[in-house]
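What follows is each chain in one-letter form.
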Amino acid sequence: CSSPIVETAKITDRSVDGRIFRVRAAQVIMLMHWNANFTEITLLQWAPTYLNQVLDVPLAQLGKYLLAPALIEQLANIGVASVESLLLARGTSMLGLRRAACVIASLTQSLGMLLFGLARSPAIASLAMCLVRSGDCLHNSGYNVNYLEVGGKDTAVLSAVGNCLASAPGFIIPPLSLALRRIGGGSWLGVFIVPVVLQVVSATAYIKYASLVPARDVLAA
């Protein structure tokens, strides 16, 4: 009988077609990923500073305002999975589900970032963070799993490049935020508006170009 190693070698295609990165459906996944990370990282980097310096929350009490968003995110994961299973059982298309998840996530996170930038109390700021963190769960069932569908045999490469690019906001946000605050005369609002604009752009592109067809099949058509 055949060796499992030999059989694996027969079915494994290790070649990579770099043209997959020209496919719109692949590009919008990476764009969505980049902008979702931009939002998350902006909030994670600046929330403690904003709470402390703008909303006068003592450093020793920051934890109680950051705890609720973390808990909400975990509960949202359970809720999102249950709702999506129900929708699929009732005939909702998978592509429609992907688009809806990303769009609702973008709207939720955009609202959260605006609310956070306008917050004048720690409680409102915490509520805003809950919106942003819960939106992240929807992104996971939108663009995140879409890597597998569009990537096909090239999923590993597509997701590796996407993850690499999505790490860039971690380096860009600090100097950009400082420049925006300088331009805005010390206001934080611009720092939290930029992610909103990026979310709207990426959600619009995703609605138009999202697909479930593997990139190689698009190239072969």
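Before going into details, it helps to say that this report is about the structure given with it. Computed from a predicted model, the values in this text were never measured in an experiment. (Residues numbered from 1 in each chain as written. Predicted model: local features only at pLDDT ≥ 70, side-chain atom pairs only at ≥ 80, totals over all residues. Heavy atoms only, no water.)

Here the structure, examined in full by the defined rule, presents 3 salt bridges. Arg-133 is the salt-bridge partner of Glu-73, the closest N and O atoms lying 2.7 Å from each other. Within this pair, whereas Glu-73 is found in helix α3 (residues 62–89), its partner Arg-133 is found in helix α5 (residues 122–151), the two being separated by 60 residues in sequence. The exposure classification of Glu-73 matches that of Arg-133, with both residues buried. The residue Glu-149 makes a salt bridge to Arg-98 at a minimum N-O spacing of 2.8 Å. You can see Glu-149 sitting in helix α5 and its partner Arg-98 sitting in helix α4 (residues 94–118), a full 51 residues away along the chain. Here Arg-98 falls in the buried class, since its relative accessible area comes to 7%. (Salt bridge = Lys/Arg side-chain N within 4 Å of Asp/Glu carboxyl O. Helix = DSSP H or I, 4+ residues; strand = E, 2+ residues; numbered from the N terminus. Buried < 20%, exposed > 50% of the residue type's maximum accessible area, 1.4 Å probe, protein only.)

On the surface, a nonpolar cluster with roughly 360 Å² of combined accessible area is contributed by Leu-31, Leu-114, Ile-193, Val-197 and Val-201. Mapped onto the elements, Val-197 comes out in helix α8 (residues 189–209). (Patch = residues over 30% accessible without salt bridge, like charges linked within 9 Å, V, L, I, M, F, W, Y side chains within 5 Å. Areas by Shrake-Rupley, 256 points an atom, 1.4 Å probe, with all protein chains shown as cover.)

Turning to the state of the cysteines, a few remarks are in order. Here, the word disulfide means a covalent bond between the sulfur atoms of two cysteines. Under the counting rule described, the total for this entry stands at 0 disulfides. Looking at the unpaired Cys-102, the closest cysteine sulfur is the one in Cys-137, lying at 13 Å. Accessibility expressed as a relative area gives 1% for Cys-102, which makes it buried. (Disulfide = S-S within 2.5 Å.)

Each pair of packed helices gets described by two things: the angle between the helix axes and the distance between those axes. Across the interface, α4 lies against α5 with an axial gap of 7 Å and an inter-helix angle of 155°. Relative to α5, the element α4 lies roughly antiparallel. In this structure, α4 meets α5 at a crossing whose hand is left-handed. Each residue belonging to the contact of α4 with α5 can be placed in one class, and the counts come to 19 nonpolar, 10 polar and 3 charged. (Axes fitted to C-alpha atoms, helices over the stretch in contact; angles between N-to-C directions. Parallel < 35°, antiparallel > 145°, perpendicular 65-115°, else oblique. Left-handed = near helix turned anticlockwise from the far one by under 90°. Nonpolar A, V, L, I, M, F, W, Y, C, P; charged D, E, K, R; others polar.)

Over its 30 residues, α5 runs 42 Å from end to end, which matches the ideal 44 Å to within 8%, given 1.5 Å per residue. His-139 marks the point of greatest bend in α5, at about 40°. With 21 of its 30 residues buried, α5 lies for the most part within the structure. Positioned one or two residues after α5, Gly-152 has a phi angle of 55°, which is positive. (Expected span 1.5 Å × (residues − 1). Bend = angle between axes of the 7 residues up to and from the residue.)

Attention now moves to the packing of helix α2 (residues 24–53) against α8. The N-to-C vectors of α2 and α8 enclose an angle of 160°; their axes lie 9 Å apart at closest approach. As summarised for this structure, α2 and α8 are arranged roughly antiparallel, according to the angle between their axes. Pair α2 / α8 crosses with left-handed handedness.

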